[in-house]
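These are the residues of each chain, in order.
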Amino acid sequence: MIPLQPKQMKILASILIVLAIFRVISLSRRSDVAPEATKHNQVLGEMTARETASLIGGQGRVLLVSWQNPDRLIQVRENAFEKTAQKLGLTTAGIFRAEEREFHPLSGWSNSLYNRVADEYADVDAVVSFVYAPPMGVANGRTPQRLNGHFIVVLPNTETIEQYLAAGAVDLAVVPLPNPENLSSTKVDSGVWFNAYYRNLTVMDTERLQSEQQEDVPTDRTYSEEVDISDRLR
């Protein structure tokens, strides 16, 4: 074997260092997302698509509203939704992406965003939002309801969702359970995972809860408690 010259040794050492750096970056990118977080977002996308299909009778055009710059996990949720929706025979109108300034956890979408969606997608049968609910003005009667189709929202603010449902501004909300089962394996069926961590709320659930409260009957806190599961979605 011919011995390497000092200059060649430096070049080889540089190459090895670069390769090592790339390997560390690659490993960190694979390990920074927990399997549970990926499962949560995959299931949220898939099961929301299934619920949307059921809500609109198994056929129709659906618009997904999401972040302008989604992270990897939101992309998992989006991909799962679109793939499942198409598999079920729904027509997807694509993803309407909006800037973060267009959303607020409590007051919902901005009026301008709401109006743009209503104008540009007047023919959709359902709007699915991964970023909060319509403007609060729609729920309290200050903003006219302009969307003709159903509105589904995933992980809305639990402090205001009952008001949205009662006003008919939201037809279906996917919310976290207050006491999840904490499944030990991510290999379970999507339906099993969903039922362990989430539930669907409709106006009927809101009406039943209000009736129970009026009758002073102990309520099922599943409908009213807020749970922070943000650590499971990252």
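Here the structure is shown first, and the text comes after it.
My aim in this report is to walk through the structure given alongside it, one point at a time. (Residues numbered from 1 in each chain as written. Predicted model: local features only at pLDDT ≥ 70, side-chain atom pairs only at ≥ 80, totals over all residues. Heavy atoms only, no water.)

## Some details on the nonpolar core
And then number 1: Of all hydrophobic cores here, the largest spans 30 residues; its most connected members are W109 and V170.
And then number 2: Taken together, the elements giving at least two residues each to this core come down to β1 (61-67), β2 (91-98), α4 (111-120), α5 (136-140), β6 (150-154), α6 (161-167) and β7 (172-176).
And then number 3: Sorting elements by how many residues they give to this core places α4 first, with 4 residues.
And then number 4: Grouped together as the second largest cluster of nonpolar side chains are 24 residues, V128, V154, V174 and F194 included. (Core = buried A, V, L, I, M, F, W, Y, C linked by side-chain atoms within 4.5 Å. Buried < 20%, exposed > 50% of the residue type's maximum accessible area, 1.4 Å probe, protein only. Helix = DSSP H or I, 4+ residues; strand = E, 2+ residues; numbered from the N terminus.)

## Section: the pairing of β6
And then number 1: Where burial is concerned, most of β6 is hidden: 4 out of the 5 residues are buried.
And then number 2: Sheet topology note: the strand β5 (residues 126-129)/β6 ladder contains 4 bridges and is parallel. Following the sheet pairing, S129 is matched in β6 by V153.
And then number 3: Pairing between β6 and β7: 3 bridges, direction parallel. Bridge pairing in β7 links V154 to V174.
And then number 4: With α6 bridging β6 and the parallel β7, this β-α-β connection has right-handed handedness. (Pairing = 2+ DSSP bridges. Right-handed = clockwise from strand over helix to strand, strands pointing away.)

## A closer look at the packing of aromatic side chains
And then number 1: Scanning all chains against the criterion turns up 8 aromatic pairs.
And then number 2: For the ring pair W67 and F103, a centre distance of 5.3 Å and an interplane angle of 75 degrees mean the geometry is edge-to-face. Here the residue W67 occupies a position in strand β1, and F103 occupies one in strand β3 (residues 103-104), the gap between them amounting to 36 residues.
And then number 3: Classification of F103 as buried rests on a relative accessible area of 9%.
And then number 4: Between W67 and Y132, the ring centres sit 6.2 Å apart and the planes meet at 90 degrees, which makes this aromatic pair edge-to-face. Remark: Y132 occurs in the loop between β5 and α5 and W67 occurs in strand β1; sequence separation between them is 65 residues.
And then number 5: An aromatic cluster is built from W193, F194, Y197 and Y198, whose rings are joined through pairwise contacts.
And then number 6: Looking at R77, its charged tip hangs above the ring of F130, at a distance of 5.3 Å from the centre. (Phe/Tyr/Trp six-rings, centres within 6.5 Å; stacked < 30°, edge-to-face > 60°. Lys NZ or Arg CZ within 6 Å of the ring centre and 35° of its normal.)

## Re the pattern of salt bridges
And then number 1: Within this structure, the stated rule accounts for 7 salt bridges.
And then number 2: Salt-bridge contacts for E46 lead to R50; the nearest nitrogen and oxygen are separated by 3.4 Å. With E46 and R50 both in helix α2 (residues 35-55) and 4 residues apart, the pair spans about one turn of that helix.
And then number 3: Of the residues examined, R50 reaches a relative accessible area of 35% and is grouped as partly exposed.
And then number 4: One salt bridge connects R61 with D123, and the closest N-O pair in it is separated by 2.8 Å. (Salt bridge = Lys/Arg side-chain N within 4 Å of Asp/Glu carboxyl O.)

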